[in-house]
Amino acid sequence: MAEPLPGDVWRYDYLWRWQHDGGETEGRKRRPTAMVAVIKASDGTFLFILPITSSPPMAGRMALEVPQIERRRAGLDDIPLWVMIDEYNFDRLESSFYFDPKARVGRFGSTFHRKVLEAFTSAARSHLVKRVPRTE
């Protein structure tokens, strides 16, 4: 099995928070996502997965635009893209129904990944991030 690493970009059946809040349990499409953090613990490997979207963020949403060089580096389409910072899917690698070990797309550079991680952790500390559990 391919092991995801922080900074990796994977295709993943991301479940948006609004879908989860509406009672949906499955992501509607496989999309590129950023592994903002991968935490190994005694009871498994936990994935913190941020969605990447071509839709500009709506007012009040937190996102970082992906620079062109990072889109190329990560193997993404050469169109404007954003990493959404204010929500994430939380999944357990070993028992995930959604993680595909063959769906790695590429990797962000360390500087851009650090920027995403810092924005995410800052928003999380301020209680501005919503978690969507995928481990149930």
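Everything below is about the structure printed above this text.
Residues numbered from 1 in each chain as written. Predicted model: local features only at pLDDT ≥ 70, side-chain atom pairs only at ≥ 80, totals over all residues. Heavy atoms only, no water.

Draft legend 1. The arrangement of the overall build of the protein chain in detail. Of regular secondary structure, the protein chain possesses three helices and eight strands. Computed over its C-alpha atoms, the radius of gyration of the protein chain comes to 14 Å, within 12% of the 14 Å expected for a compact globule of 136 residues. Once the C-alpha set of the protein chain is aligned to its principal axes, its extents read approximately 35 × 35 × 30 Å. Counting across all 136 residues of the protein chain, residues that qualify as buried make up 46%. Of the contacts formed within the protein chain by residues at least 6 apart in sequence, a portion of 70% connects residues at least 24 apart. (Helix = DSSP H or I, 4+ residues; strand = E, 2+ residues; numbered from the N terminus. Rg over C-alpha atoms; globule rule 2.2 N^0.38 Å. Buried < 20%, exposed > 50% of the residue type's maximum accessible area, 1.4 Å probe, protein only. Contact = heavy atoms within 4.5 Å.)

Draft legend 2. Region of interest: the side chain of R71. Here R71 is to be found in helix α2 (residues 68-73). Reaching out from R71, the side chain makes a polar contact with the backbone oxygen of I79 at a distance of 3.0 Å. Residue contacts for R71: discarding those within four places in its chain leaves V66, L76, D77, D78, I79, P80 and L81. (Polar contact = N/O pair within 3.5 Å; in protein donor to acceptor, adjacent residues only side chain to side chain.)

Draft legend 3. Geometry of the pairing of strand β3 (residues 44-53). Extensive coverage of β3 is indicated by the burial of 10 of its 10 residues. Alternating residues of β3 divide into G44, F46, F48, L50 and I52 and T45, L47, I49, P51 and T53, and every residue in both groups is buried. The pairing of strand β2 (residues 31-41) with β3 spans eight bridges and is classified as antiparallel. Each residue of the ladder has a partner; that of K40, found in β3, is T45. Where β2 folds back on β3, the antiparallel hairpin that results is connected by two residues. Bridging between β3 and strand β6 (residues 87-92) involves four bridges; their strand directions are antiparallel. Bridging across to β6, I49 finds its partner in N89. (Pairing = 2+ DSSP bridges.)

Draft legend 4. Broad picture of helix α3 (residues 110-125). With 16 residues, α3 extends 22 Å between its outermost C-alpha atoms, agreeing within 8% with the 22 Å of an ideal straight helix rising 1.5 Å per residue. When we look at burial in α3, the residues that qualify are F112, H113, V116, F120 and A123. Along the long axis of α3, the arc covered by the buried residues comes to 100°, so they all point the same way. Along α3, exposed side chains directed more than 90 degrees from the buried face belong to S110, T111 and R125. Where α3 ends, the next residue or the one after it, H127, has phi of about 60°, a positive value. (Expected span 1.5 Å × (residues − 1). Arc of directions from axis to C-beta.)

Draft legend 5. Structural detail: the side chain of N89. Looking at the secondary structure, you find N89 in strand β6. A distance of 2.9 Å separates the side chain of N89 from the side chain of R134, its partner in a polar contact. Among residues more than four places away in sequence, those in contact with N89 are Y12, D13, Y14, L15, L47, F48, I49, V132 and R134.

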